[in-house]
Amino acid sequence: MPSSALVFSLVFCALLLLQVAVRFWLAARQVRHVAQHRNAVPAAFVHQVPLSAHQKAADYTIAKARLGLIDVALSAAVTLGWTLLGGLNLLNQSLLSWMGPGMWQQLALLATFVLIGGLIELPLSWYSTFRLEQRFGFNKNTPALWLSDLVKSTLLGAAIGLPIAALVLWLMASAGSVWWLWAWGVWMGFNLLMLVLYPTVIAPIFNQFKPLEDETLKARVTALMQRCGFAAKGLFVMDGSRRSAHANAYFTGFGAAKRVVFFDTLLQQLNPAEVDAVLAHELGHFKHRHIVKRIVALFGFSLLGFAALGWVSQQVWFYFGLGVVPAMDAPNDALALLLFMLAVPLLSYFLSPMAAQLSRQHEFEADAYAVAQTSGADLGSALLKLYKDNASTLTPDPLFARFYYSHPPASERLARLGTVAGAAVMGPA
């Protein structure tokens, strides 16, 4: 093994071990902190949240964190198995012996890698749905529906993913030294296309979307959107209760394809004024151009990623350092893609707190917009209901929350919401 490859192997191992250690440390902090505060509702919520609901949220959070530890260990083992222990090299050599070099062999390598990874993850996915979620009363799924979703997502992934992969592989082989720039353009075009197609083509494959029938609520929502200067292609109710008791609402799509979607569970839990406030929050994301900002950020980071892939795919140490012997008489493009996918998360993980912080700031801005358009009290009561009904803990470990939470913790968010609502009522000094 070349010395540069050995150095890269050591760096790879160090990053993997560091990531596992940080994940375990943060999860242990979360479990310990939530358990320590399990037997008392925080003072700010003592009149709104029963102790039984607070304890259920604590137990649910701890159970998810412990299951997450298993997932961390499994993911690390799988990453090592594919790379330094030779799994990907063995799979590649086996397919080369069977199929010979070429596009079909490379597509087979990508497809087999994804299928094996999916099979490894299946037991934890099944346990999460039919044991953990079932234990806390959230699972409404059935084995038949779960299996149907699995088959649909696999076939859909193959129908969409394989042609995109074939195009990227063709560009890697045919577009010269700047292939990564063309591939980036294809990837971005695909993501923008999905923003248009997902609401109307893909999502209905898995869920039923019916027009909102409550005329009173429809009138309220329409008036709110007109007041905020927004238009949508339709107001829909999604059958989220088929799979889960968790509730949500979202504003999806792009351009003329935008639509408002309410989970049926959300409409069961919130009154019309609270639904208004939740929708105003979602509209706030559009008003502040959070979606556009995130797309631009995706464009920028993915461009850097493709440029890095374009460079490392030409470096012999990249392959040897990750346990793969590159072919001398066959393309290694699929290998480069897979090795890059395995290596990059080890670095990007440590950047996730910055993304989480930005996301939390966006949530605060959307809350402020909702308070200006509806009622802070209604938004606060809606959020508190959702925290309770989704068993979200009121007492997360502060460091864990700073590292992972894309939404502010309940205490922080509702405290900020109260300040914003008070300022909106009082007006400028």
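Quantities reported herein were computed from a predicted structural model and do not represent experimental measurements.

Thresholds, definitions, all that
Residues numbered from 1 in each chain as written. Predicted model: local features only at pLDDT ≥ 70, side-chain atom pairs only at ≥ 80, totals over all residues. Heavy atoms only, no water. 1 Å grid on protein atoms, 1.4 Å probe; cavity = no way out; pocket = protein on both sides within 12 Å on 5 of 7 lines; lining within 4 Å. Points joined across faces, edges and corners; volume = space filled by probe spheres on them. Helix = DSSP H or I, 4+ residues; strand = E, 2+ residues; numbered from the N terminus. Nonpolar A, V, L, I, M, F, W, Y, C, P; charged D, E, K, R; others polar. pLDDT = per-residue confidence, 0-100. Contact = heavy atoms within 4.5 Å. Expected span 1.5 Å × (residues − 1). Buried < 20%, exposed > 50% of the residue type's maximum accessible area, 1.4 Å probe, protein only. Core = buried A, V, L, I, M, F, W, Y, C linked by side-chain atoms within 4.5 Å. Axes fitted to C-alpha atoms, helices over the stretch in contact; angles between N-to-C directions. Parallel < 35°, antiparallel > 145°, perpendicular 65-115°, else oblique. Left-handed = near helix turned anticlockwise from the far one by under 90°. UniProt positions renumbered as here; feature names shortened; annotations may be inferred. Patch = residues over 30% accessible without salt bridge, like charges linked within 9 Å, V, L, I, M, F, W, Y side chains within 5 Å. Areas by Shrake-Rupley, 256 points an atom, 1.4 Å probe, with all protein chains shown as cover. Salt bridge = Lys/Arg side-chain N within 4 Å of Asp/Glu carboxyl O.

Quick word on the layout of surface pockets
Working step 1: Space inside the second largest pocket adds up to approximately 260 Å³.
Working step 2: Lining the second largest pocket we find 15 residues, and of these Tyr198, Phe206, Asn207, Met238 and Arg243 sit closest to its centre.
Working step 3: In terms of residues, the lining of the second largest pocket owes the most to one element, helix α6 (residues 179-206), which gives four residues.
Working step 4: Classifying every residue of the lining of the second largest pocket gives eight nonpolar, four polar and three charged.

Let's talk about the confidence of the model for the protein
Working step 1: Confidence in the prediction for the protein averages 89 pLDDT; 96% of positions are at 70 or higher.
Working step 2: Overall, residues 420-429 carries pLDDT values under 50, and its contacts beyond four positions in sequence, including any with other chains, amount to five contacts.

Brief notes about helix α14 (residues 376-389)
Working step 1: Counted at 1.5 Å a residue, the expected span for α14 with its 14 residues is 20 Å, and the 20 Å between its end C-alpha atoms agrees.
Working step 2: All of the buried residues along α14 are Gly376, Leu379, Gly380, Ala382, Leu383, Leu384, Leu386 and Tyr387.
Working step 3: Just downstream of α14, Ala391 is the residue with a positive phi angle, here 55°.

Quick notes on the environment of Trp146
Working step 1: Within the secondary structure, Trp146 sits in helix α5 (residues 143-174).
Working step 2: Along the chain, Trp146 and Thr129 lie 17 residues apart, while their C-alpha atoms are 8.9 Å from each other.
Working step 3: Beyond its immediate chain neighbours, meaning those up to four positions away, Trp146 contacts Leu122, Ser125, Trp126, Thr129, Phe130 and Asn141.

A word on the nonpolar core
Working step 1: The biggest cluster of nonpolar side chains holds 45 residues, and the ones touching the most others in it are Phe45, Met225, Phe262, Leu266, Leu279 and Leu283.
Working step 2: For this core, the secondary-structure elements that each account for two or more residues are α7 (215-228), β2 (235-238), β3 (249-252), β4 (259-263), α9 (272-287), α13 (352-373), α14 and α16 (410-426).
Working step 3: In contact with Phe262, not counting residues within four places along its chain, are Leu212, Val221, Phe236, Val237, Met238, Asn248, Ala249, Leu267, Val275 and Leu279.
Working step 4: One finds Phe8, Leu88, Leu107 and Leu337 within the second-largest nonpolar core, a separate group that totals 44 residues.

Section: unusual backbone geometry
Working step 1: With phi around 60°, Arg289 is a residue other than glycine that occupies positive phi space.
Working step 2: Within the secondary structure layout, Arg289 lies in the loop between α9 and α10 (290-312).
Working step 3: Its identity as a non-glycine residue notwithstanding, Ala391 has a phi of 55°, on the positive side.
Working step 4: Residue position: Ala391 is located in the loop between α14 and α15 (398-404).
Working step 5: Looking at Ala391, the relative accessible area reads 3%, which means it is buried.

Let's talk about the packing of α9 against α13
Working step 1: As a packed pair, α9 and α13 sit with axes 7 Å apart at the nearest point and diverge in direction by 120°. It follows from the interaxial angle that α9 and α13 lie oblique. Two packed elements cross with a definite hand, and for α9 against α13 that hand is right-handed. Every residue of α13 that contacts α9 at Ala277, Ala280, His281, Leu283, Gly284, His285 and Lys287 is listed here: His362, Glu363, Ala366, Asp367, Tyr369, Ala370 and Gln373.
Working step 2: The residue inventory of the contact of α9 with α13, partitioned by class, reads six nonpolar, five polar and three charged.

Regarding the packing of α9 against α14
Working step 1: At a minimum axis distance of 8 Å, the contact between α9 and α14 shows a crossing angle of 90°. Taken together, the axes of α9 and α14 lie roughly perpendicular to each other. Mapping the contact onto sequence places Ala273, Glu274, Ala277 and Val278 in α9 and Asp378, Leu379, Ser381, Ala382 and Lys385 in α14.
Working step 2: Here the residues of the contact of α9 with α14 are counted per class, giving five nonpolar, one polar and three charged.

A word on the UniProt feature "domain: CAAX prenyl protease 1 N-terminal" (unreviewed entry) in the protein
Working step 1: UniProt's feature table lists "domain: CAAX prenyl protease 1 N-terminal" (unreviewed entry) at residues 30-208, given in the numbering used throughout.
Working step 2: Along residues 30-208, the helical share is 81% and the strand share 0%, with 36 Å between the first and last C-alpha atoms.

Brief notes about a nonpolar patch on the surface
Working step 1: On the surface, a cluster of nonpolar side chains totalling about 470 Å² of accessible area is made up of Trp98, Met99 and Trp104.
Working step 2: Within the element layout of this structure, Met99 appears in helix α3 (residues 87-99).

Brief notes about empty space enclosed by the protein
Working step 1: Evaluated as defined, the whole model comprises two cavities of 30 Å³ or more.
Working step 2: Contributing to the lining of the largest cavity are Val49, Ala53, His54, Ala57, Tyr387, Lys388, Ala391, Ser392 and Leu394.
Working step 3: Here the lining of the largest cavity gets three residues from one element, more than from any other, and that element is helix α2 (residues 51-82).
Working step 4: Taken as a whole, the second largest cavity encloses approximately 40 Å³ of empty space.
Working step 5: What lines the second largest cavity is simply Asn92, Leu96, Gln105, Gln106, Leu109, Ala327, Ala330, Pro331, Asn332, Asp333, Ala334 and Leu335.

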